[in-house]
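Observations on chain architecture
For reference, the chains in residue letters:
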Amino acid sequence: MQYSKTLIVKASYATSLLAQASTAMKTIAHFFQVTTQALADNAWIRSEIDSELMYGLKLKEETELLLGDGLGSHVSGIIPNATAYSTALNVASDTSLDKLRHAIYQARLALYPVDGIVLHPKDLHNIELLKIEEGGVANKGSYILGQPSLGTMVKTVWGLPVIECDNMAIGSFLVGAFNKGAILFDRQQAVIDVSYETGTNFVENEATIRCEERVGLGIRRAGAFIYGT
């Protein structure tokens, strides 16, 4: 099934953009099995199962929205549609912070305000450990992004919030205008169903509990997302 939406973008330049776009709705599901005795004997276990199912579903959704290849039941994700980082922007002795700033500039050229960065936890860890040069020795002085004793609730780099994502490859980054550059179509919010007849459930006294949703992702402008290393 296709869900269509007309996109009108008004800009300060002479010609406005009018385009018709369509994106396929995809079903994302997460499930596991539990014994019927567990469901009957523990009144609290259902709420625990529902909570874990929702968490697992959101992890699968994150994978699809970032990395989905658009084939079969997969969403066409942001990274496969993103623009490659232009290494022509690199300057000798660039650090990871410099390259992120180059990528922010590159994404900004798409005329959408850049509003976020996605990094693997390992890469954010390395960036937060960067120190200034002291006494002629690199990476020896105070921390560039702040002091460990102060801490921070919202991690930011170059004034932009950074999201730690285990689905990102170590050594890679995604910079972009997430609010304007893409649109999420939520055709069916998450629902939880229970089946006692799936497969061998009946004879083995088991239940299959499934959580699923139907979503689609539209990329307004690929240039608003920059993916690189």
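Before reading further, recall that the structure is shown in the block above.
From a predicted model like this one, the values you see are computed outputs, not experimental measurements. (Residues numbered from 1 in each chain as written. Predicted model: local features only at pLDDT ≥ 70, side-chain atom pairs only at ≥ 80, totals over all residues. Heavy atoms only, no water.)

The final tally for this structure, using the stated rule, is two salt bridges. The shortest N-O distance in the salt bridge between glutamate 61 and lysine 58 comes to 3.6 Å. Pair noted here: glutamate 61 and lysine 58 are both in helix H2 (residues 45-67), with a separation of three residues, about one helical turn. Residue classification places glutamate 61 among the buried residues on the basis of a relative accessible area of 13%. Taking relative accessible area as the criterion, lysine 58 reaches 38% and is therefore assigned partly exposed. Here glutamate 128 ties to lysine 155 by a salt bridge, and the two come within 3.1 Å at their closest N and O atoms. In this pair, glutamate 128 sits in helix H5 (residues 121-128) while lysine 155 sits in the loop between H5 and strand S6 (156-157), placing the two residues 27 residues apart along the sequence. Owing to a relative accessible area of 26%, lysine 155 belongs among the partly exposed residues under this scheme. (Salt bridge = Lys/Arg side-chain N within 4 Å of Asp/Glu carboxyl O. Helix = DSSP H or I, 4+ residues; strand = E, 2+ residues; numbered from the N terminus. Buried < 20%, exposed > 50% of the residue type's maximum accessible area, 1.4 Å probe, protein only.)

On to the packing of aromatic side chains, then. For the structure shown, the criterion picks out two aromatic pairs. Ring geometry for phenylalanine 178 against phenylalanine 225: centres 5.3 Å apart, planes inclined by 70°, an arrangement best described as edge-to-face. Here phenylalanine 178, found in helix H6 (residues 178-181), pairs with phenylalanine 225, found in strand S11 (residues 225-228); they are 47 residues apart in sequence, far enough to count as distant. A residue is classified by how much of its surface remains accessible, and phenylalanine 178, at 26% relative accessible area, is partly exposed. On the accessibility criterion, phenylalanine 225 (1% relative accessible area) is buried. Over the ring of tyrosine 112 we find arginine 221; its NZ or CZ atom is 4.8 Å from the centre of that ring. (Phe/Tyr/Trp six-rings, centres within 6.5 Å; stacked < 30°, edge-to-face > 60°. Lys NZ or Arg CZ within 6 Å of the ring centre and 35° of its normal.)

This next bit is on the nonpolar core. Of all hydrophobic cores here, the largest spans 18 residues; its most connected members are Met168, Leu174, Leu217, Ala224 and Phe225. In terms of nonpolar packing, the next biggest core, distinct from the first, is built from 17 residues, Leu97, Leu100, Ile104 and Ile226 among them. (Core = buried A, V, L, I, M, F, W, Y, C linked by side-chain atoms within 4.5 Å.)

Pairing is mixed across the open sheet formed by six strands, whose spatial order is S4-S11-S8-S5-S7-S6. Looking at strand neighbours, the two that pair on one side only are strand S4 (83-84) and S6, the edges of this open sheet. Contacting S4, strand S5 (116-119), S6, strand S7 (160-164), strand S8 (173-176) and S11, helix H4 (residues 96-108) crosses the sheet at an angle of about 35° to S8. Running at roughly 110° to S5, H5 makes contact with S5 and S7 of the sheet. (Pairing = 2+ DSSP bridges. Contact = heavy atoms within 4.5 Å. Axes fitted to C-alpha atoms, helices over the stretch in contact; angles between N-to-C directions.)

Another point: the environment of glycine 176. Following the sequence through the fold, glycine 176 ends up in strand S8. Separated by 49 residues in the primary sequence, glycine 176 and phenylalanine 225 have C-alpha atoms spaced 4.2 Å apart. Residues within four places of glycine 176 in sequence aside, it is in contact with Val114, Asp115, Gly116, Ala224 and Phe225.

Another point: H5. If you check which residues of H5 are buried, you get Asp123, Leu124 and Ile127. Taken end-on, H5 shows its buried residues confined to a sector of 100°, consistent with a single buried face. Tucked inside the fold, the buried residues of H5 contact H4, S5 and S7. (Arc of directions from axis to C-beta.)

What follows deals with the pairing of S5. Of the two faces of S5, the one carrying Gly116 and Val118 and the one carrying Ile117 and Leu119 are both buried. With four bridges joining them, S5 and S8 adopt antiparallel strand pairing. For glycine 116, the partnering residue across the bridge sits in S8 and is glycine 176.

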